[in-house]
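# Per-entry structural report
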Amino acid sequence: MQTKIEKIDTSSALAIKIIETQDESGLDFLSFREKLAYANISHPEKKREWATARMAIRDALDVLHVPYPGFFKDEHGKSQAMNGHGYISLSHTMGFAGAIYHRDIPVGIDMDLIREKILKIGFRFLDKSELDFLEKDPLHYTMAWSAKESIFKCQGKRGVSFRENILLEPFDIKTGIIRGRVRGTDYTDHHYTVQVRVISDVVLTYTIW
């Protein structure tokens, strides 16, 4: 899979790309501000991740026939379109970068490598009720973490705790959908439906407000 592009509906699309070294000429579509940001990244792997994520969002935009506007991060660390139109979310993990776009409402996407060590840190991001239904399986824990990450990105504000503020409903390891809500903040009782995919040893999740 070099690139996977999926048109979700007439207003939204996502793209996943393999991270690899980019030909500099292939980044001509970036805005001047983004080219400066790219030039200031010193670590080679970080440069590849950053560039591949931008190429993924461009691919998602292309399938919707939306011109690439350039993006910047706001005070909450969330990517915003420079022309003020549409919503995006970006993610990357070892070997892959992903992006999602919606014309009208916030979105969140996350990609995470499935690793055994997540079992040791579950207490840091999981509510007791979640620990009760999750199997002691790295995939199940990674699905929970990734779903919370997508919800966190979609709500778009700092200061939201994965363990205290984002609560997931029980789900099994074969599910394609995880439901959750944000509680105890200005977004109390806002409910999210998170789509789940497993690609090789990576969990992909995304949600649309």
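Up top is the structure these notes are about.
Calculation notes
- Residues numbered from 1 in each chain as written.
- Predicted model: local features only at pLDDT ≥ 70, side-chain atom pairs only at ≥ 80, totals over all residues.
- Heavy atoms only, no water.
- Helix = DSSP H or I, 4+ residues; strand = E, 2+ residues; numbered from the N terminus.
- Buried < 20%, exposed > 50% of the residue type's maximum accessible area, 1.4 Å probe, protein only.
- Salt bridge = Lys/Arg side-chain N within 4 Å of Asp/Glu carboxyl O.

Here Gly84 is to be found in the loop between strand E4 (79-81) and strand E5 (87-93). Residue classification places Gly84 among the exposed positions, given a relative accessible area of 62%. A C-alpha to C-alpha distance of 26 Å links Gly84 and Val182, two positions 98 residues apart in sequence.

Looking now at the pattern of salt bridges. Note that side chains of opposite charge can pair when their charged atoms are close. Scanning the model with the defined rule gives eight salt bridges in all. A salt bridge links Glu6 to Arg197, with the shortest nitrogen-to-oxygen separation between them at 3.0 Å. Placement of the pair is Glu6 in strand E1 (residues 3-9) and Arg197 in strand E10 (residues 190-199), with a sequence separation of 191 residues. One salt bridge in this structure joins Asp132 and Lys128, with 3.3 Å as the shortest N-O distance. With Asp132 and Lys128 both in helix H4 (residues 128-133) and four residues apart, the pair spans about one turn of that helix. What you see here is one network of salt bridges that share partners, running through Lys17, Arg58 and Asp59.

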